[in-house]
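Structural overview for review
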Amino acid sequence: MELIKKIFKDPFAKTAFLVLCILYLIILFADFIAPYSNYYANREMAYAPPSKVYTIDENGKFSRPYTYNYIRKFEPALMQTVFEEDRSQKYYIKPFARGEKYKFLGLIPTDRHLFGVGVNDGADKGGEIHLLGTDINGRDVFSRLLFGGRISMTVGFLSLLIVFPIGLLYGGVSGYFGGIIDNLMMRFAEATMAIPSFYLLIILAAILPSGMTSVQRFSLIIVILALIGWAGFARVVRGMVLSIKKEDFVLAEKTLGASNLRIILKHILPQTTSYVIIAMTLSVPSYILAESGLSFLGLGIQQPDASWGNMLKEAQEFTNILYRPWLLTPGVLIFLAVLSFNLLGDFIRDYLDPKGRTRV
Amino acid sequence: MKKIWGKYWGKYWGKYWSKLGSAFLIILIIALCLKACIRADIPEDYTRKLPDSSIDNIVYPEKNKNITINGIDFLQTQAPAGKFGGELVISTIGEGPKTFNPCNTKDATSSSMAGMLYDGLLTTEPRTGEVIPLLAKDFEVNGNDYIVHLRHGIVWTDGKPITADDVMYTYEEVVFKGLGNPSSMENMKVEGKLPEIKKIDDYTVKFTTAKPFAPFLRQLSYPIVPKHYFKPYSDKGESEFNAFLNPNTPPEEIVSNGAFKLKEYVAAQRVVFVRNPNYYKINTKNERLPYLDKVVYMIVGDTNNEILKFEAGELDLLSIRGENVARYKLKEPESDYKIYNLGPDTGTLFLIINLNNRKNNEGKWNVDPQKQKWFGNRDFRAAIDWAVDRKNMVQNIAQGVAKPLFTAESLNSIYLNKYIKGHPKDKSVAEKSLEKAGFYNKNGILYDSDGNRVEFDLYTNAGVLEREALGVMIKQDLEDLGMKVNFKPIEFNTLVNKLSNTNDWDMAIMGLTGSPLEPHDGKNVWKSNGPLHIFNQRPQNYTVDDRLEWEKELDEIFEQGALKLTFEERKPIYDRYQTIIYNQKPIIYLYSPIRIAAIRKKFKNIFPTPLSGLVYNLDEIYIDKGEIK
Amino acid sequence: MEFVRYISKRILQTIPLLIIVSLISFFIIRLSPVDPLAELRLNPSISQETLDKEIKRLNLDKPIYIQYFSWAKSFVKGDLGYTSAGEKVSVKLKERIPNTLLLTFVVIFMTWSVGVPLGILSAIKKESSFDRMLTILASIGMAIPSFFFAILMLIFAVKTGWFPVGGLTSYNFNDLSLSGKILDIAKHLCLPALVLFTISLSGLQRQMRANMLEVLDSDYVKFARAKGLSEGKVIFKHALRNAVNPMITLLGFEFAGLLSGAALTEYVFQYPGLGRLILEAVMKSDINLVMASLMMGTIMLILGNLIADILLMLTDPRLRRGGQ
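What comes next concerns the included structure. (Residues numbered from 1 in each chain as written. Chains lettered and ligands numbered in written order. Predicted model: local features only at pLDDT ≥ 70, side-chain atom pairs only at ≥ 80, totals over all residues. Heavy atoms only, no water.)

1. Description of the interface of chain B and chain A
Contact residues are listed per partner, giving 56 residues for chain B and 51 residues for chain A. Both sides of the chain B and chain A interface together cover about 4800 Å² of buried area, and 54% of this is carbon and sulfur. Taken together, the links from chain B to chain A amount to two salt bridges. Of the charged contacts in the structure, one is a salt bridge between Asp477 of chain B and Arg43 of chain A, with a shortest N-O distance of 2.6 Å. Applying the counting rule to chain B against chain A returns 13 residue pairs in polar contact (both at pLDDT 80 or more). Only α1 (2-37), α8 (303-311), α9 (322-331), α12 (390-397), α14 (465-480), β21 (484-490) and α15 (492-502) of chain B provide two or more residues apiece to the side of chain B that touches chain A. Taken together, the residues of the side of chain B that touches chain A sort by class into 26 nonpolar, twelve polar and 18 charged. (Contact = heavy atoms within 4.5 Å. Buried area = accessible area lost by both parts, 1.4 Å probe. Salt bridge = Lys/Arg side-chain N within 4 Å of Asp/Glu carboxyl O. Polar contact = N/O pair within 3.5 Å; in protein donor to acceptor, adjacent residues only side chain to side chain. Helix = DSSP H or I, 4+ residues; strand = E, 2+ residues; numbered from the N terminus. Nonpolar A, V, L, I, M, F, W, Y, C, P; charged D, E, K, R; others polar.)

Here is the structure:
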C-alpha cells in the first residue's frame, strides 16, 4: 500500500496507473458501455465512417445530442462506395437505452446499455450509432474495441499466471539443489531460450489444432506465450535463490530438519516477491505486443472474435490508413496500454529495487 | 555554474512543471471533450466530380504475319512501330522465382520468369484465345497428326540455330521422360499414351496422338529448350537436371530464345531482364524487337507493399484490388498513369462442402455420419446456396469491384455457360429447401429429421482479410437459418493438408486458379479420382466405385470433352458440366473480382484483353517520352 | 592457458545445447499438421506424379525419427539439404546472412552510440526531469507494435518521397557508381534501422542506467569521491569502465534478439534478411530451411555470448584471473 501511495505522488506513474485502471474498468463493463455486442453486424453499413453526433441543430439551437443514419451508395463511374447522411430522420441519443440482451457482469440479464439510439428489430429500423465507425463486416468498431480489450488486456496476465509458478518452482529447485540437477535444468532452460522466441511462437501457434473453439484457442495462445517466457524468468529466480540459500535463516531451517520443498516454498521464494512484481508489470506489455504480432500474421485470436491485434490487422491496408483512420484506434489503445504498463513498471522497479539489480 | 543551473532546472521542472503541466493537460482534455460534444448540424455537400466517362476505344493491331528477309523467317507484329530504349519496372508477388529451368517450374512466378526466357512452338492469341504460331512458322492439324514447321534462320542467344533437333530433344528427352515437373508429361498423355514425335526434316516435326485430342494443341506451347545447352545436364539424371538453371546460375551462361535475356537475379529483391538482340520478332519497319532495353521484376512480399511501391513511383504497373480502386480512379485524371478494366478474374472463390462418406486409414469417419447425411443432401446444399448474400459480399468485401459468380468456369472463360443466370439471396427459398430435406426449425434452432442440432465447422485460411470477412458473413447468413457455424480461420498450409490429405473438414472457403481457355485443365478437380477432387476426395489407388451419379457423368464429360476437336463440339459438353455443378452444388461459387490495372501513361502499345491481361506483349511495348508532362 | 581451456570448455558445452534445440524444433515442426506441399496441391495443373515425386524427395513418407536422423547426419557433415522448393539451403542462407548482419550491425551501432551515453546521463542526473523525459521517450518508442510502426514509416516514405519503399537496393543498383551504391543501400537501410532502433533503444538505455547507478553506488567510487576527485573524473575514469563491462554480455543477447525481433520489421519492409526468410519458411513448414536457420540463429547467439565473454575477460582483469 506504501507502493500505491508512492505511485500517486509521481505524476507519470499516477497517470499511467489511472489510465490502466480506466481501461480495465471499461473492459470489465464492456457489455454495458458498448452500444452493440461483439458480433453485431449490419452488412449494409460496412466501412461506414463514425456517426456524427450533433448538439446544435439545423436552426442553430442547442439540442439533445442526436445523429443521422448513413445511406450507402455505390458510384459505378468511380467504383467508389460513399456514405451520405440520411437527414430525414433524427435519432436522439438516449442514456440507458435498450439494446441487445446481455448479462451484466455475467450475472444479471438486462438489455440496458450506457447509451444508444433505439432497438433495431427488423420491423422498426431504428437508428445506428457508431462512434468509431464500422469495419469490413459492418461491425461497430467502438464496441469491438471494448470487447477486444478483454482479450488483449488479459492475455498477458493470464500467461503470467502460468509463467510464475513454473518459473519460480523450476528456478527454485534448480538453484536450491545446485550441482548436476542445476546443470541439467539450466541447460534445458538455455536451450529453449536459445531458439529465437518469435519463431518458436510462430511455430507453436501454427500447430494449434484447428478444431478449436475461440475460448480454447485463447487459452492455448496464453499457454504458448507462457512456454516462451518461463525460461528467462526461471533463470533469474535461480540466480536469486543461489544467493538467498546461503543466508543464515535458510541454513538454520535446514538444521532444524525442514523438508527441501518446504524451505523452497516457505522461505526462499517469498524473498523474490519484489522481483515478481516488477517482472509482472514489465512483461505484460510484451505479451500484449506478442499477441498483436501473432494476429498480424493471422495466427493469433481469430475472427469473428475481436482482439486489438486482429482488429489492427484490418488497418494495414494502405487505403484504410488514408481513408478510414478510425480503424487505427486499436493501435492507439495498444500503444496507450503498453506505454502505461512500461511507465508503471519502471516506476515500481525504481521504487522496489532502486539499484536496478533485477533485469527483465 | 552549469551544475547549479541544472539542479535548479531539474527541481523547477520536477515540482512546478508537473503541476502546471497536469493542469494544462486536464484543461486540454476538457476542451477537446467539449469540442467533440458540440457540433453544429450543417448539411454536407455530397456532390462529386465524376470523371468524363468517355471510353477510349482501344484499336487492336491486326494479327502477326510471317515475313522472310534474307532467308530468315521473321514474325512481324502489326502494332504501331515505336521507339527503342527505356525500361519497365513491374512486380511479382511472393518469394520470387525458384528456378529458371522452364521444364522444372511448379509455381506461377517461376513459370512466368522462365517463360520470359523460353518461347514455345505455339502460343495463345491474346484476344480470341485461339492457338497461333510463335517459335513455329506455322502448323497443320490432320486428325491426330500435328505437323509443325519451324522458322529458318532464327538463333539461340549464343548464335546457334534453332532446329528440329531442339524440338525433338525438348519433347523426347525432357518432357516424355518426366524430367523436371512430370505434370507436363501427364498432360500430354492421350488415353494413357504419349504421342509419337517424328523429325521430318531439319525444320519440320510431326506429332501423332493416339486419338484426336483437343487439349493437345495447347500443349505445344511448351517452351523449347536448346539441346546443346540442356543435354549435358539431362543426361546426368533427375537431380542434376532439377538443380540446373537454379536462380544462382550466372546469367550470362544461360542460352535462351525469348524476347528478353536474364541479366541479374538478386534474391528476394528483383529479377532483371535485358533485350535479346537476336529475337525473331520485328516491327512494321522491319526493326528487331523488343523495344525496351530492360524489364525489371521487383519481388514484393504482398499487395500492400506493391501499392506503396507504385505510389512512390518505384513501379510502373499495378494491379489494383477492390478497396483500392476508388482511390486510383479518383486520382487518375491528374496522375501519370492510366487505369484499365480487364474484366473478371480467372480465379474462382467458393464455399466448398465436404461430401466425403469414407473412413480414413484408422477406421474413423472423415466426416461425422450425421453430418454426412446433411452434406450429402442436395437440398441442404441448395439452401446454403440460396442463403449466401453475394450482393453484399461484392459490395463490402470487394468494394463493388467484383461480380457474383455461379459457375465453375470463371466469368472470362470462353467456355462459360451463359445460360446459368444465378439468383439473389432468398432466405425463404433456403428455408423451403431445408424443409424439403427434412430439417425443422424450433425457436430459431435448426434440427435434422433425427432431432440433431445442425452444427458444423467452416474453415478458411487465416491472415487474409477478404476470406475472414467472407467467413464472418457466411456464418451470419447460415446462422440466420438456425444452423450453428463454428468459423475457424486456420493457417493456409494446414488448411490444404485438411482438404487434400486428412479430409476431416466440413466446409471451407477457398479459391482456385483456372484457365479461361481450356476447361480440361480442371480435370484434377472434377474427375472423381483427381488429386484435387477435394469435395469428395478419394484416397490414392482407390478401387471401390462409389461415385455418385453426377460424379459419373462428370467423369464421362471430361473424357468426352477432350476428344472433341472443335470449339462448337466441345462447348455444349462443358456447358453441361457447369450445369451439373450448379445443380448439385458441391461447390458454391461466390464472386469473381474484377481486375483493374494501372500503368504509367508513357508506355505505348498497351492492348489489354480480358484473357491475357495488360502486359502480355512485353516485346511490343515502348516508351514515348513526349507524352510525359 | 587457462584462457584456451575456458574457451574450449565453453564450445564443448554448446554441443548438447544444439542437440536439444534441434530436437525441440524438429519435432514441433514435424508434428504440426502444416503441409509443406500445400501450394503444389492446390495448383490444378500439378499431377499426382509430381506430388509423389516431391513427397519422396522431401522424405515425407518416412517416420519422423528417421527424418530427424537423416537431417542430423547431413547437418553434421555440413550439408544443409534443399528447401521444399528445391533450392540449396546453404545458398539461400548465404544470400540472406550478410544482409541481416548489415542491418544488425547498423542497429546495434546506433543503439549503442545513443543508448549508452543517454543511459550514463540519466544515471548521473538520476530522477531529474531529464531522466524522466528520457524514460518516457524510450517507453513511447517501445510501446508501438513494431509492424505497425513499420507500416506507418512506409507510408511516411511514400508521402514524402524521401526514402525508398522497402527492399535493400534499387532496381538500377548495378548501374550505379560505388558511392551511388553505398548511398542507395544507406537510404534503404534508414527506415528499417530506425524502427528497430526505436524499439531496442529503451532497453539498452535502462540497462546502462541501472549499471551506472550500481557502480556510482559502489565503494570505490565513493572512495574516489572522498579523495576529492572532480565529478567528471570520477565518472569517466572510474565508473564508466566498470559500468560498460556487464553491457558487453548484453551485446551477445542483443545480437540474437535482433535476429528474432527483426522478423516482422523485415517482413513489412520487404528487407531480404534472415528474419523474413525464417518467417516464410516457418509458415510453410519448410523443414530444412527452418532447421538450418534456427541452428544458425542458435549458433550466432552462442557465438555472440562467447565473444562477449572473451571481450569481458580481456577488459576485466578480475575475470581473467578467475577464468570464470
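2. Some details on the side chain of Gln219 of chain B
Structurally, the position occupied by Gln219 of chain B is in helix α5 (residues 216-219). With residues near it in sequence (within four places) discarded, Gln219 of chain B still touches Tyr171, Asn187 and Met188 of chain B.

3. Some points on the environment of Trp308 of chain A
Residue and element names in this part refer to chain A. Within the secondary structure layout, Trp308 lies in helix α11 (residues 308-314). Residue classification places Trp308 among the buried residues on the basis of a relative accessible area of 1%. Considering only alpha carbons, one finds Trp308 and Gly331, 23 residues apart in sequence, at a separation of 7.2 Å. Those residues in contact with Trp308 that lie beyond four places of it in its chain are Leu145, Gly148, Gly149, Ser152, Met153, Pro330, Leu333, Ile334 and Ala337. Only 2.9 Å separates the side chain of Trp308 from the backbone oxygen of Leu145, close enough to count as a polar contact. (Buried < 20%, exposed > 50% of the residue type's maximum accessible area, 1.4 Å probe, protein only.)

4. Considering the interface of chain A and chain C
If you look at the interface, chain A gives 49 residues, while chain C gives 49 residues. Summed over the shared surface of chain A and chain C, the number is zero salt bridges. Applying the counting rule to chain A against chain C returns zero residue pairs in polar contact (both at pLDDT 80 or more). Elements that contribute at least two residues to the side of chain A that touches chain C include exactly α5 (179-194), α6 (197-206), α10 (273-296), α12 (318-323) and α13 (329-352) of chain A. The element contributing the most residues to the side of chain A that touches chain C is α13 of chain A, with eleven residues. Its residues assigned to classes, the side of chain A that touches chain C shows 31 nonpolar, eight polar and ten charged.

5. Focus on the pattern of salt bridges
Applying the stated criterion to the full structure yields 52 salt bridges over all chains. Linking Lys199 of chain B and Asp202 of chain B is a salt bridge whose minimum nitrogen-to-oxygen distance equals 3.2 Å. A relative accessible area of 33% means that Lys199 of chain B is categorised as partly exposed. Of the residues examined, Asp202 of chain B reaches a relative accessible area of 40% and is grouped as partly exposed. Among the charged side chains, a salt-bridge network with shared partners connects Arg43 of chain A together with Asp389, Lys425 and Asp477 of chain B.

6. A word on the side chain of Ser500 of chain B
Residue placement: Ser500 of chain B occurs in helix α15. In this structure, Ser500 of chain B is in contact with Ile534 and Gln537 of chain B together with Arg41 of chain C, ignoring residues within four places of it in sequence.

7. Overview of α8 of chain B
Residue and element names in this part refer to chain B. Counting buried positions over the nine residues of α8 gives seven, a clear majority of the element. When α8 is considered as a whole, its buried residues turn out to be Asn304, Asn305, Glu306, Ile307, Leu308, Lys309 and Phe310. Backbone geometry just after α8 places Gly313 at a positive phi near 85°.

8. Considering the sheet that holds strand β1 (residues 65-69) of chain B
All names here are of chain B. With mixed pairing, three strands are arranged side by side in an open sheet as β1-β2-β12. Lying at the two open borders of the sheet, with one neighbouring strand each, are β1 and β12 (281-282). In terms of strand pairing, β1 meets strand β2 (residues 72-76) through five bridges, oriented antiparallel. Paired with Ile69 across the two strands is Ile72, which belongs to β2. (Pairing = 2+ DSSP bridges.)

9. Re the sheet that holds strand β10 (residues 260-266) of chain B
In sheet architecture, strand pairing relies on hydrogen bonds along the backbone and comes in two forms, parallel and antiparallel. All names here are of chain B. One open sheet accounts for four strands, arranged β3-β13-β11-β10; its pairing is mixed. Lying at the two open borders of the sheet, with one neighbouring strand each, are β3 (87-93) and β10. Between one strand axis and the next, the sheet turns by 20° as a mean value, whatever way the strands run. Here β3 pairs with strand β13 (residues 294-300) via seven bridges, running parallel. Note that in β13 the partner of Leu88 across the bridge is Val295. (Axes fitted to C-alpha atoms, helices over the stretch in contact; angles between N-to-C directions.)

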